[in-house]
Amino acid sequence: MSAPSRFAPPTGRPLGRTVACLVLGFAVICAGVVALGWAITHPLEDTMRHENPVNRWFVDQRTSGLTHVADAGSLVGETVTGLVVLVLLGVVFAVWRRTWWPLVFVGVLDAGMGLFYLAGTSLDPRPRPPVPILQSGLVADASFPSGHTGTATAIAAALAALLWAYTRVAKALLVLLLVVPAYTMVSRLYLGAHHVSDVVTAFVYAWLWALLCARMLLPARRAPVALPTSEAGSPPRIETRREDA
């Protein structure tokens, strides 16, 4: 494989344009996260107190069994869990498809997720919900956004994007992966670690970033198309066409 083709994105776009789109998209999403965090912690601070009854409701539902279930859901969104799973996904698809772009995809995805979280927690400090928190060691004013939700969403989105690009898995089955971030979102609310807006924000920006990374760094799915043949009794010829997500 020649050097130019080795470094050319599988989308067919020039590398420079791909990088520019990723940088611009990252800047827009990051600015949106920071702006929303500022709004939540400043002009909308009193309004956002209406989220507190949701956290109190989860406190009322606590049992020892449900707490173990929530701990497992929180573990899915741990930084180490996300790093290990994303690396494994990248390696498996890179080896299987004999291309390094799955590794680039998960690397850029994970790097962006870390920077979104760093920007949000650093520039928009927000106190945790006013309920007993069932997790020790949490920074008191790092409620926004939910890093665990972002990580769990990135795992599900990465797997969905890789399966969409390199397999024929039906789109309806990929939707089932939404269970992963939903599980972590509910778990973080149950544990008292985040407000509703913290987990929803993380879910949205993680999916947006994953979608952008997939569109820029992974090939579009090619759906088989049966073409008519001119010879009677001959099987139809099969070609492929691009099928965007």
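Use the structure listed above.
All of these numbers come straight from a predicted model, not from anything done at the bench. (Residues numbered from 1 in each chain as written. Predicted model: local features only at pLDDT ≥ 70, side-chain atom pairs only at ≥ 80, totals over all residues. Heavy atoms only, no water.)

A. Broad picture of the overall build of the protein. Of regular secondary structure, the protein possesses 10 helices and two strands. The 245 residues of the protein split such that 42% are buried. Looking at the protein alone, contacts between residues at least 24 apart form 77% of all its contacts between residues at least 6 apart. Working note: accessible area of the protein is about 12,700 Å², and carbon and sulfur atoms make up 70% of it. (Helix = DSSP H or I, 4+ residues; strand = E, 2+ residues; numbered from the N terminus. Buried < 20%, exposed > 50% of the residue type's maximum accessible area, 1.4 Å probe, protein only. Contact = heavy atoms within 4.5 Å. Areas by Shrake-Rupley, 256 points an atom, 1.4 Å probe, with all protein chains shown as cover.)

B. Local environment of the packing of aromatic side chains. In this structure the tally under the stated criterion is nine aromatic pairs. Between tryptophan 57 and phenylalanine 58, the aromatic rings sit 5.1 Å apart at their centres with planes inclined by 85°, giving edge-to-face as the arrangement. A residue is classified by how much of its surface remains accessible, and phenylalanine 58, at 12% relative accessible area, is buried. A network of ring pairs unites the aromatic residues Phe26, Phe116, Tyr205 and Trp209 as a single cluster. The ring of tyrosine 190 has arginine 62 lying over it, and the distance from NZ or CZ to the ring centre is 5.9 Å. (Phe/Tyr/Trp six-rings, centres within 6.5 Å; stacked < 30°, edge-to-face > 60°. Lys NZ or Arg CZ within 6 Å of the ring centre and 35° of its normal.)

C. Structural detail: unusual backbone geometry. The omega torsion across phenylalanine 144 and proline 145 is -15°, close enough to zero to call that bond cis. Phi is positive for arginine 98, which is not a glycine, with a value near 55°. Its location among the elements puts arginine 98 in the loop between α5 (79–97) and α6 (101–123).

D. Here's a closer look at the packing of helix α9 (residues 179–191) against helix α10 (residues 196–217). The interhelical angle for the contact between α9 and α10, taken along N-to-C directions, is 160°, at an axis separation of 9 Å. Between α9 and α10, the angle is such that the two are roughly antiparallel. α10 is crossed by α9, and the crossing has right-handed handedness. Residues Pro181, Met185, Arg188 and Leu189 of α9 pack against Val196, Val199, Val200 and Phe203 of α10. (Axes fitted to C-alpha atoms, helices over the stretch in contact; angles between N-to-C directions. Parallel < 35°, antiparallel > 145°, perpendicular 65-115°, else oblique. Left-handed = near helix turned anticlockwise from the far one by under 90°.)

E. Representation of the pattern of salt bridges. Applying the stated rule across the entire model yields three salt bridges. Between arginine 126 and glutamate 51 there is a salt bridge, with the nearest N and O atoms lying 2.8 Å from each other. Here the residue arginine 126 occupies a position in the loop between α6 and α7 (147–166), and glutamate 51 occupies one in the loop between α2 (15–41) and α3 (52–60), the gap between them amounting to 75 residues. One connected set of salt bridges, linked through shared partners, spans Glu51, Arg126 and Asp198. (Salt bridge = Lys/Arg side-chain N within 4 Å of Asp/Glu carboxyl O.)

F. Representation of the nonpolar core. One finds Phe105, Leu109, Met113, Leu162, Tyr205, Trp209 and Leu218 to be the most contacted residues of the largest nonpolar core, which totals 42 residues. For this core, the secondary-structure elements that each account for two or more residues are α2, α5, α6, α7 and α10. In terms of residue count, the dominant contributor to this core is α7 (11 residues). Listed in part, the seven residues of the second largest apolar core include Ala70, Met185, Leu189 and Val199. (Core = buried A, V, L, I, M, F, W, Y, C linked by side-chain atoms within 4.5 Å.)

G. Quick peek at α6. The first and last C-alpha atoms of α6 sit 33 Å apart over 23 residues, in line with the 33 Å expected at 1.5 Å per residue. Every buried residue belonging to α6 is among Trp101, Pro102, Phe105, Val106, Leu109, Gly112, Met113, Phe116, Ala119, Gly120 and Thr121, and all of these are buried. (Expected span 1.5 Å × (residues − 1).)

H. Broad picture of the environment of valine 69. Take valine 69: it is sitting in helix α4 (residues 64–76). For valine 69 and tyrosine 183, which are 114 residues apart along the polypeptide, the C-alpha to C-alpha distance reads 9.5 Å.

I. Just the packing of α2 against α10, in detail. Taken N-terminus to C-terminus, the directions of α2 and α10 make an angle of 175°; their axes are 10 Å apart at the nearest point. By the angle class used here, α2 and α10 are roughly antiparallel. Across the interface between the two elements, Thr18, Cys21, Leu22, Gly25, Phe26, Ile29, Val33, Leu36 and Ile40 of α2 pack against Ser197, Thr201, Tyr205, Leu208, Trp209, Leu212, Cys213, Met216 and Leu217 of α10. Split by residue class, the contact of α2 with α10 holds 14 nonpolar, four polar and no charged. (Nonpolar A, V, L, I, M, F, W, Y, C, P; charged D, E, K, R; others polar.)

J. Spatial organisation of the environment of leucine 173. Residue placement: leucine 173 occurs in helix α8 (residues 171–175). Sequence-wise, leucine 173 and alanine 160 are 13 residues apart; in three dimensions their C-alpha atoms are separated by 9.2 Å.

K. Local environment of the environment of leucine 75. Mapping leucine 75 onto the fold places it in helix α4. Between the C-alpha atom of leucine 75 and that of threonine 184, which follows or precedes it by 109 residues, the distance is 8.2 Å.

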